[in-house]
Amino acid sequence: MRKDKKQVIGEEISDESIKLFLEPEPADDTPASLHKLIKAYRGLRVDDFERFLVFFVEAGYDLNAKNAKGQDFVALIADQRQAEPYIELIQAARG
């Protein structure tokens, strides 16, 4: 990191910034809903991901979307070290 750049940790992310994670479209045959969940998982902290899920559901995206192999979001991230709180949020959002 350049010396004139400050590292920002813990700063509040605006709703508009979180909603940007609804925009990316997949470049392959991955369902758009699954693609957006993965992008948000990779780019947002847990608290922000929770806020993202509200916008995701309001926009009509599918929390249960699966790839061509039949894997949903939970199956794709389950083996990752930091995944548990994200999985809990998805399961809660599914009802």
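What counts, and where the lines are drawn
Numbering of residues begins from 1 in every chain and follows the order in which that chain's sequence is written. With the structure being a predicted model, the display of local features is reserved for residues of pLDDT at least 70 and the display and counting of side-chain atom pairs for 80 or more, all residues being used for whole-chain, interface and lining totals. Processing note: side-chain calculations cover all non-hydrogen atoms of the structure and skip hydrogens and water entirely. Elements are defined by DSSP. Helices are runs of H or I of four residues or more, strands are runs of E of two residues or more, and each kind is numbered from the N terminus. By definition here, a helix of n residues has an expected span of 1.5 Å times n minus one. We call a residue buried when its accessible area falls under 20% of the maximum for its residue type, exposed when it is over 50%, and partly exposed in between, using a 1.4 Å probe and counting protein chains only. Contacts are residue-level and defined by heavy atoms, with any inter-residue pair within 4.5 Å sufficient. N or O atoms within 3.5 Å of each other form a polar contact, as long as, within protein, one can give a hydrogen and the other can take it, and as long as residues adjacent in sequence are counted only when both atoms are side-chain atoms.

The name recorded for the protein chain in an unreviewed UniProt entry is PA4642 family protein, from Stutzerimonas marianensis.

Peer 1: Please explain helix H2 (residues 32–43) as it appears in this structure.
Peer 2: In an α-helix, one turn spans 3.6 residues, which is why side chains three or four residues apart end up on the same side. Here H2 contains 12 residues, and its C-alpha end-to-end distance of 16 Å stays within 8% of the 16 Å for a straight helix at 1.5 Å per residue. For H2, the full list of buried residues reads Ser-33, Leu-34, His-35, Lys-36, Leu-37, Ile-38, Ala-40 and Tyr-41. At its buried positions, H2 is contacted by helix H3 (46–58), helix H4 (73–77) and helix H5 (84–94).

Peer 1: In this structure, what is going on with the environment of Asn-67? I would like to understand it.
Peer 2: Along the chain, the position of Asn-67 falls in the loop between H3 and H4. For Asn-67 and Pro-31, which are 36 residues apart along the polypeptide, the C-alpha to C-alpha distance reads 6.4 Å. Apart from residues lying up to four places away in sequence, Asn-67 is in contact with Pro-31, Leu-34 and Leu-76. Looking at Asn-67, its side chain comes within polar contact range of the main-chain nitrogen of Lys-69, at 2.9 Å. Side-chain polar atoms of Asn-67 contact the backbone nitrogen of Gln-71, separated by 2.9 Å.

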